[in-house]
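# Close look at the chain arrangement
Spelled out from the first residue to the last, the chains are:
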Amino acid sequence: LEQVFISDTAIIEVSEININLPAEIEYCAGNTLTLDPGEFVSYFWNDETTEPTLEVTEDGTYSVIVTNENDCSKEAEVVVSFIDELIVDLGENIEACEGDTVHLSAPYADQYEWTEGLTTQNIMVVFSGTYSVTITQGTCSAIDSINVNFNELPAEFDLGETTYACNGDVIT
């Protein structure tokens, strides 16, 4: 009896689903927040609607199940709190070393405007200076500033040749 071995190769692609919703959102009271998880084939919100976005006006926990083109599904939820006053806090002033990069991040908002003209939630800083951001949600806005100082690296120095000593020896 002769043995026959047959083999084949299959390529399996794993479909990753990245839902574009943070875990928590604070939003300006009196405005409508549009929750948008990103582009998918289908959506099922906790209120049983199936639109790509959900408009909310009340505090609460909202969830959505999305399905991609490979028929893979994933659920995400976001806790929404409507607040009377919008606050942005970039934190304490920062001291860093020359050559480093500092990451500045503003909280979730509809719009961002940094003093450098950038309009993203996060910026990377490599020069000393005062950095300000204005965030806007609906009709509310807030501003904060932070000073970033990059300190010069110390001058290079040479300790000389390696010196070996025994316990009790004095090196001058």
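Since the model is a prediction, treat every value here as computed from it, not as a measurement.

Reading the values: the criteria
Residues numbered from 1 in each chain as written. Predicted model: local features only at pLDDT ≥ 70, side-chain atom pairs only at ≥ 80, totals over all residues. Heavy atoms only, no water. Helix = DSSP H or I, 4+ residues; strand = E, 2+ residues; numbered from the N terminus. Rg over C-alpha atoms; globule rule 2.2 N^0.38 Å. Pairing = 2+ DSSP bridges. Axes fitted to C-alpha atoms, helices over the stretch in contact; angles between N-to-C directions. Buried < 20%, exposed > 50% of the residue type's maximum accessible area, 1.4 Å probe, protein only. pLDDT = per-residue confidence, 0-100. Disulfide = S-S within 2.5 Å. Phe/Tyr/Trp six-rings, centres within 6.5 Å; stacked < 30°, edge-to-face > 60°.

### Focus: the overall build of the chain
What the chain contains, in helices and strands, is zero helices and twelve strands. In the chain, the succession of α and β elements from N to C terminus is β-β-β-β-β-β-β-β-β-β-β-β. For the chain, the C-alpha radius of gyration of 27 Å lies well beyond 16 Å, the compact-globule estimate for 172 residues. Taken over the C-alpha atoms alone, the chain extends approximately 85 × 80 × 30 Å along its principal axes.

### Topic: the sheet that holds strand S12 (residues 140–151)
An order of S7-S12-S11-S9 is seen for the four strands of this open sheet, with the pairing classed as mixed. Looking along the sheet, the strands with just one partner apiece sit at the ends: strand S7 (94–97) and strand S9 (111–114). Adjacent strand axes in the sheet meet at a mean angle of 25 degrees, parallel and antiparallel pairs treated alike. For S7 and S12, the ladder comprises four bridges, and the chain directions are parallel. Directly across from Ala96, in S12, lies its bridge partner Phe150.

### Here we look at the pairing of S12
On a regular strand, each side chain points to the face opposite its neighbour's, so the side chains alternate between the two faces of the sheet. Going residue by residue along S12, you find Cys140, Ala142, Asp144, Ile146, Val148 and Phe150 tucked away on one face and Ser141, Ile143, Ser145, Asn147, Asn149 and Asn151 left uncovered on the opposite face. As defined by bridge partners, strand S11 (residues 129–137) adjoins S12 across nine bridges and the pair is classed as antiparallel. Opposite Thr130, over in S12, you have Asn147 as the bridge partner.

### Some words on the sheet that holds strand S3 (residues 42–45)
Read across the sheet, four strands follow the order S1-S6-S5-S3 without closing on themselves; strand pairing throughout is mixed. Each of the sheet's edge strands pairs with one partner strand only, and the pair in question is strand S1 (24–28) and S3. In this sheet, neighbouring strand axes are inclined to one another by 30 degrees on average, regardless of whether the strands run parallel or antiparallel. Bridge analysis of S1 against strand S6 (residues 73–83) gives five bridges, and the strand direction is parallel. Bridge assignment links Tyr27 to a residue of S6, and that residue is Phe82.

### Section: the confidence of the model for the chain
In the predicted model, the chain carries a mean pLDDT of 90, and the fraction of residues at 70 or more is 99%. Summarising per-element confidence for the chain, the mean pLDDT is lowest in S1 (87) and highest in S3 (98).

### So, the state of the cysteines
For the structure on display, the rule yields one disulfide. The disulfide that involves Cys28 links it to Cys140, with 1.5 Å between the sulfurs. Separated by 112 residues along the polypeptide, Cys28 in strand S1 and Cys140 in strand S12 bring together distant segments of the chain. There is no split in this pair, since Cys28 and Cys140 are both buried.

### Some remarks on the packing of aromatic side chains
Geometry of an aromatic ring pair is reported as the spacing of the ring centres plus the angle between the planes. Enumeration over the complete set of coordinates arrives at two aromatic pairs. Their ring planes at 90 degrees and their centres at 6.1 Å tell us that Tyr27 and Phe82 sit as a pair that is edge-to-face. Separated by 55 residues along the polypeptide, Tyr27 in strand S1 and Phe82 in strand S6 bring together distant segments of the chain. The residues Tyr27 and Phe82 share a single accessibility class, namely buried. Judged by centre distance (6.2 Å) and plane angle (80 degrees), the rings of Phe40 and Tyr43 are edge-to-face. A residue is classified by how much of its surface remains accessible, and Phe40, at 15% relative accessible area, is buried.

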